[in-house]
Amino acid sequence: KAGVTQTPRYLIKTRGQQVTLSCSPISGHRSVSWYQQTPGQGLQFLFEYFSETQRNKGNFPGRFSGRQFSNSRSEMNVSTLELGDSALYLCASSLYGGRNTDTQYFGPGTRLTVL
Amino acid sequence: AQKITQTQPGMFVQEKEAVTLDCTYDTSDPSYGLFWYKQPSSGEMIFLIYQGSYDQQNATEGRYSLNFQKARKSANLVISASQLGDSAMYFCAMSLDQGAQKLVFGQGTRLTINP
């Protein structure tokens with residue numbers, strides 16, 4: 001079974017631009033979560049989608065948004081990029097995400113650099 | 001609020017030795033899950049092992065075992081017979097049933113296996 005895939009793997013943008021990252025979950029998984037990883041803040045939860053609905057959201061500004069499609073694929077968008085948005089963005093999928101027993105499996109990440 | 005603490009920023013171990021990576025957690029919720037992930041330099045988070053708060057026995061997965069001490073709120077990862085390929089960052093994470101899709105991570109431990 002194929003794992004979680006993320007595209008693109010690397011991205012370079014300039015301040016003020018916007019960016020869209022894509023995530024395809026493991027086949028059959030319906031929950032997709034996004035995380036931001038930086039050296040200073042570590043791994044932080046952005047948001048989670050299930051059945052095309054955002055179920056949970058972390059403490060990030062409204063410039064960070066996402067969506068999920070009917071095939072469970074998800075995208076996240078960051079508008080008006082700032083230097084501090086440079087990070088590794090990780091996507092994770094799980095079957096339902098409704099219980100603490102539901103393991104999240106991560107993709108390889110998208111490394112975003114904002115110049 | 002949930003919190004994960006990993007007090008070892010870095011560890012150096014000789015190949016074939018066993019290694020214990022420390023993790024303490026804080027939550028008032030009685031139902032939670034504890035996870036360990038490995039992150040090689042490539043960036044992908046690899047799931048290693050899971051322990052549920054109601055599990056009576058310590059979890060094991062191949063060379064990985066989890067030393068779960070509920071009263072002490074600790075969930076240490078034990079890697080037996082370490083290999084060069086074990087060199088990576090290791091993260092302890094926790095999820096609750098409420099908002100289970102949100103993983104809270106510790107700061108990580110960088111493990112280096114010396115030949």
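Everything below is about the structure printed above this text.
In what follows, the accompanying structure is described.

What counts as what
- Residues numbered from 1 in each chain as written.
- Chains lettered and ligands numbered in written order.
- Predicted model: local features only at pLDDT ≥ 70, side-chain atom pairs only at ≥ 80, totals over all residues.
- Heavy atoms only, no water.
- Contact = heavy atoms within 4.5 Å.
- Buried area = accessible area lost by both parts, 1.4 Å probe.
- Salt bridge = Lys/Arg side-chain N within 4 Å of Asp/Glu carboxyl O.
- Polar contact = N/O pair within 3.5 Å; in protein donor to acceptor, adjacent residues only side chain to side chain.
- Helix = DSSP H or I, 4+ residues; strand = E, 2+ residues; numbered from the N terminus.
- Nonpolar A, V, L, I, M, F, W, Y, C, P; charged D, E, K, R; others polar.
- Disulfide = S-S within 2.5 Å.
- Buried < 20%, exposed > 50% of the residue type's maximum accessible area, 1.4 Å probe, protein only.
- Phe/Tyr/Trp six-rings, centres within 6.5 Å; stacked < 30°, edge-to-face > 60°.
- Pairing = 2+ DSSP bridges.

### With respect to the interface of chain A and chain B
Interfaces are often sized by the amount of accessible area the parts lose when they come together.
Phase 1 of the analysis: Of the residues lining the interface, 26 residues belong to chain A; the matching set on chain B comes to 23 residues.
Phase 2 of the analysis: Of all residues in chain A, Leu43, Asn100 and Phe106 of chain A bury the most surface against chain B, accounting for 34% of the area lost on that side.
Phase 3 of the analysis: Run the count over chain A and chain B and you get zero salt bridges.
Phase 4 of the analysis: Taken together, the connections running from chain A to chain B amount to three residue pairs in polar contact (both at pLDDT 80 or more).
Phase 5 of the analysis: Those elements that provide at least two residues to the side of chain A that touches chain B are β4 (31–38), β5 (42–50), β6 (53–57), β9 (87–94) and β10 (105–106) of chain A.
Phase 6 of the analysis: Tallied by class, residues from the side of chain A that touches chain B come to eight nonpolar, 13 polar and five charged.

### Digging into the state of the cysteines
When the sulfur atoms of two cysteines share a covalent bond, that bond is a disulfide.
Phase 1 of the analysis: With the rule as written, the count across this model stands at two disulfides over all chains.
Phase 2 of the analysis: Between the sulfur atoms of Cys23 of chain A and its disulfide partner Cys91 of chain A the distance amounts to 1.7 Å. Note on the Cys23 of chain A and Cys91 of chain A pair: the S-S dihedral is about -55°, so by sign convention the disulfide is left-handed. Of the two residues, Cys23 of chain A sits in strand β3 (residues 19–24) while Cys91 of chain A sits in strand β9, which places them 68 residues apart along the sequence. Per residue, the accessibility class of Cys23 of chain A equals that of Cys91 of chain A, and both read buried.
Phase 3 of the analysis: Here Cys23 of chain B engages in a disulfide with Cys92 of chain B; their sulfurs sit 2.0 Å apart. Given an S-S torsion of about -60°, the disulfide between Cys23 of chain B and Cys92 of chain B has left-handed geometry. Taken as a pair, Cys23 of chain B in the loop between β3 (19–21) and β4 (24–26) and Cys92 of chain B in strand β10 (residues 88–96) lie far apart in primary sequence, 69 residues in all.
Phase 4 of the analysis: Relative accessible area serves as the criterion here: at 0%, Cys23 of chain B is assigned to the buried category.

### Describing the pattern of salt bridges
Residue and element names in this part refer to chain A.
Phase 1 of the analysis: Applying the stated rule across the entire model yields seven salt bridges over all chains.
Phase 2 of the analysis: Here Arg55 and Glu48 are joined by a salt bridge, their closest N and O atoms 2.7 Å apart.
Phase 3 of the analysis: Close ionic contact of Arg67 with Glu75 constitutes a salt bridge, the shortest N to O distance being 3.2 Å.
Phase 4 of the analysis: What makes Arg67 partly exposed here is its relative accessible area of 46%.
Phase 5 of the analysis: Within the structure, one salt-bridge network assembled from shared partners comprises Arg63, Glu82 and Asp85.

### Quick notes on the packing of aromatic side chains
Phase 1 of the analysis: Evaluation of the coordinates by the stated rule reveals 17 aromatic pairs over all chains.
Phase 2 of the analysis: Between Tyr105 of chain A and Phe47 of chain B, the ring centres sit 5.8 Å apart and the planes meet at 75°, which makes this aromatic pair edge-to-face. Placement of the pair is Tyr105 of chain A in strand β10 and Phe47 of chain B in strand β6 (residues 46–52), with the two residues belonging to separate chains.
Phase 3 of the analysis: Of the residues examined, Phe47 of chain B reaches a relative accessible area of 23% and is grouped as partly exposed.

### Topic: the side chain of Gln6 of chain A
All names here are of chain A.
Phase 1 of the analysis: Assignment of secondary structure puts Gln6 in strand β1 (residues 5–7).
Phase 2 of the analysis: Looking at Gln6, the relative accessible area reads 3%, which means it is buried.
Phase 3 of the analysis: A polar side-chain atom of Gln6 sits 3.0 Å from the main-chain carbonyl oxygen of Tyr89.
Phase 4 of the analysis: A polar side-chain atom of Gln6 sits 3.0 Å from the main-chain amide nitrogen of Cys91.
Phase 5 of the analysis: Not counting the four nearest positions on each side in its chain, Gln6 is found in contact with Ser22, Cys23, Trp34, Tyr89, Leu90, Cys91, Gly107, Pro108, Gly109 and Thr110.

### Quick notes on the pairing of strand β5 (residues 32–39) of chain B
Residue and element names in this part refer to chain B.
Phase 1 of the analysis: The buried count for β5 comes to eight of eight residues, which makes it a mostly enclosed element.
Phase 2 of the analysis: Of the two faces of β5, the one holding Tyr32, Leu34, Trp36 and Lys38 and the one holding Gly33, Phe35, Tyr37 and Gln39 are both buried throughout.
Phase 3 of the analysis: In the sheet, β5 pairs with β10 via eight bridges, with the strands oriented antiparallel. What sits directly across from Lys38, in β10, is Tyr90.
Phase 4 of the analysis: Bridge analysis of β5 against β6 gives six bridges, and the strand direction is antiparallel. When the bridges of β6 are listed, Tyr37 appears paired with Phe47.
Phase 5 of the analysis: Linking two consecutive strands that pair antiparallel, namely β5 and β6, is a turn of six residues; a positive phi of about 105° is found at Gly43 within it.

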